[in-house]
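Below are the chains, spelled out letter by letter.
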Amino acid sequence: MIKAVKSIKEVVLTGHDLTLAELVAVARYDAKIKLAESAIESIKKSRAIVDNIVNSNSVVYGITTGFGSLCRVHISKEDCSQLQENLIRTHSCGFGKTFSREATRAMMLIRANALVKGYSGIRLETLETLINMINKGVHPYIPEKGSLGASGDLAPLSHMVLPMLGLGDAEYEGQLLTGKEAMDKAGIPIIALQAKEGLALINGTPVLTAVGALALWEGMCLLKLSDVAAALSAEAMSGIINAYDERIHTIRPHKGQLDTAHNMRELLKGSTYITQQGELRVQDPYSLRCVPQVHGASKDALAFVKEKVDIEINSVTDNPIILPDGDVISGGNFHGEPMALPFDFLGIGLAEIANISERRLERLLNNSLSGFPSFLVKHSGLNSGFMITQYAAAALVSENKVLAHPASVDSIPSCENQEDLVSMGAHAGRKAGEIAENVRRVVATEILAACQAIDLREDSGQLGVGTAAAYKAVRESNKFIDYDKDIEMFKELEKVTAIVADGTLLEAVEAVVDLDI
């Protein structure tokens, strides 16, 4: 999964077939992008329609009129270019910390892929400027907050455009520079926007889609790793393998459930730590026994979200739409509602993974439930061991419950009530990303605790083929934790969290086991 993404070195933009894997390759691993030759003619034809509108002095929204409720104000041919620059200057009023480098690259890519389709009326040279910024690593300074998710992501996207005009700020080669300095150092000429171009660049859903898509990718990786964590915990606690028997899942054939049961069987193949039903006890608690049902439900949720992401990253989401026959239609493709609801669902699906992971963590640490020394440390009392790791995980789980409240049920009218129902899709995407980050830490904590518990088992045995690979990767990152005295737990958690975040752990497991999602 991760290895395949890292192998993508170039992505050709056609506007029709960008994949989530390619998006991640460009955003995270700096794959280059290239404009498909087949798209150039459509871009030029679309631009010619805009030029004709301006030259004929026709009244068309956003080209020869003001924006939003100011659509009633006619703009002269002479002022059409100034109108677009004014739009970027005034709309760039975001707030808060900046988007991550990879989120910024992802939103630039999604915007470029929409413009490639030839329905936006942008000039080829303007699109090429955006593509060059991605390829050469000019990353605009874009504050996270300020989008209502309709009319698209206006404020953050305006910050994205500023450096193209020699304005604003941007990161280049690790330095925060003025937009003009960054463009000059990268050797990219700044541009002057022409009619429709400012609106084409900022009216749409690339920001909310980018942050949500990256959260989705993170979630897909975490869902596989949550199976790994559950398998390690099952081995630590002599879990009952029968709960993952294919025969009971084929009669309730939800795909995620089937996939999870398959993963558990594959991960645990060859394990001598796993037990059969009735061997030690009749059944396991839900957090072990119902792994296929709970993890599987989240996988099905993410599969639904992925369908929507695949559509959105290949869609035209600006306004007005320039059709090939010359018609220009002012519609609502910029509205984020089609993604706001899925990204809320994404957050809920991910939060549940942390919920069940924290419950398994508690069982590992609780002497009365696991039989291990309290908090997985010898001389409990003098030592606290893993005690507070469960507190910290519980705090993250509780925070996720707050973050999982849907953003899409909210709306505040804007623009003199012309834009009277908005999606809050950017909030939904950002919240899903925060939840994913919290889930990562909870799952990493369970994995570390499960490895500790396995080391504390008094019997010697053999791990499953998949869990053995995971255990080895964990112990290569942090060696062994001292069972006789307390340590700086934060540092050990950071090491495991790092190999979860950078893909090292998942790559190690997938080198020996094919995991489904």
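Everything below is about the structure printed above this text.
Predicted model, so just to flag it, every value in this text is computed and none were measured. (Residues numbered from 1 in each chain as written. Predicted model: local features only at pLDDT ≥ 70, side-chain atom pairs only at ≥ 80, totals over all residues. Heavy atoms only, no water.)

## So, the environment of Gly204
Phase 1 of the analysis: Position of Gly204 relative to the elements: it lies in the loop between helix H9 (197-202) and helix H10 (206-236).
Phase 2 of the analysis: Put simply, Gly204 and Phe334 are 130 residues apart on the chain and 4.4 Å apart in space, counted from C-alpha to C-alpha.
Phase 3 of the analysis: Contact partners of Gly204, with chain neighbours within four places excluded, come to Arg111, Ser151, Gly152, Asp153, Leu157, Thr317 and Phe334. (Helix = DSSP H or I, 4+ residues; strand = E, 2+ residues; numbered from the N terminus. Contact = heavy atoms within 4.5 Å.)

## A short note on helix H20 (residues 489-501)
Phase 1 of the analysis: Between its first and last C-alpha atoms H20 spans 18 Å; for 13 residues at 1.5 Å apiece the expected length is 18 Å, and the two agree.
Phase 2 of the analysis: Listing the buried residues of H20 in full gives Met489, Glu492, Leu493, Val496, Thr497, Ile499 and Val500. The arc enclosing the buried residues of H20, seen along the axis, measures out at 165°, which places them on a common side.
Phase 3 of the analysis: Contacts made by the buried residues of H20 are with H10, helix H17 (387-403), helix H18 (425-456), helix H19 (465-478) and helix H21 (504-510).
Phase 4 of the analysis: A positive backbone phi angle near 90° is found at Gly503, which sits one or two residues after H20. (Expected span 1.5 Å × (residues − 1). Buried < 20%, exposed > 50% of the residue type's maximum accessible area, 1.4 Å probe, protein only. Arc of directions from axis to C-beta.)

## Quick look at the environment of Ala25
Phase 1 of the analysis: Here Ala25 shows up in helix H2 (residues 20-29).
Phase 2 of the analysis: Put simply, Ala25 and Ile8 are 17 residues apart on the chain and 6.2 Å apart in space, counted from C-alpha to C-alpha.
Phase 3 of the analysis: In contact with Ala25, not counting residues within four places along its chain, are Val5, Ile8, Asp30 and Ala31.

## Some thoughts on unusual backbone geometry
Phase 1 of the analysis: In this structure, the amide linkage connecting Asn319 to the following residue, Pro320, adopts the cis form with an omega of 0°.
Phase 2 of the analysis: Its location among the elements puts Pro320 in the loop between helix H14 (291-312) and strand S8 (321-322).
Phase 3 of the analysis: Phi at His379 takes a positive value of approximately 60°, unusual for a residue other than glycine.
Phase 4 of the analysis: Topologically, His379 is positioned in the loop between helix H16 (367-370) and H17.
Phase 5 of the analysis: Here Met424, not a glycine, exhibits a phi torsion of approximately 55°, which is positive.
Phase 6 of the analysis: By the element assignment, Met424 lies in the loop between H17 and H18.

## Describing the layout of surface pockets
Phase 1 of the analysis: Approximately 590 Å³ is the volume found for the largest pocket.
Phase 2 of the analysis: When residues of the lining of the largest pocket are traced back to their parent elements, those giving at least two are H2, strand S3 (95-98), helix H5 (101-116), H10 and H18.
Phase 3 of the analysis: Broken down by element, the residue count for the lining of the largest pocket peaks at seven residues, all from H18.
Phase 4 of the analysis: For the lining of the largest pocket, the class distribution of residues is eight nonpolar, four polar and ten charged.
Phase 5 of the analysis: What the second largest pocket holds in volume is close to 400 Å³.
Phase 6 of the analysis: In terms of lining residues, the second largest pocket is bounded by 25 residues, among which Leu87, His91, Leu154, Cys415 and Glu419 are the most central.
Phase 7 of the analysis: Within the residue set of the lining of the second largest pocket, elements represented by two or more residues are helix H4 (80-91) and helix H7 (154-161).
Phase 8 of the analysis: Top contributing element to the lining of the second largest pocket by residue count: H4, with five residues. (1 Å grid on protein atoms, 1.4 Å probe; cavity = no way out; pocket = protein on both sides within 12 Å on 5 of 7 lines; lining within 4 Å. Points joined across faces, edges and corners; volume = space filled by probe spheres on them. Nonpolar A, V, L, I, M, F, W, Y, C, P; charged D, E, K, R; others polar.)

## A word on the side chain of Glu197
Phase 1 of the analysis: You can see Glu197 is positioned in helix H9.
Phase 2 of the analysis: A distance of 2.8 Å separates the side chain of Glu197 from the backbone nitrogen of Gln194, its partner in a polar contact.
Phase 3 of the analysis: Beyond its immediate chain neighbours, meaning those up to four positions away, Glu197 contacts Arg47, Gln84, Ile122, Arg123, Thr126 and Ala192. (Polar contact = N/O pair within 3.5 Å; in protein donor to acceptor, adjacent residues only side chain to side chain.)

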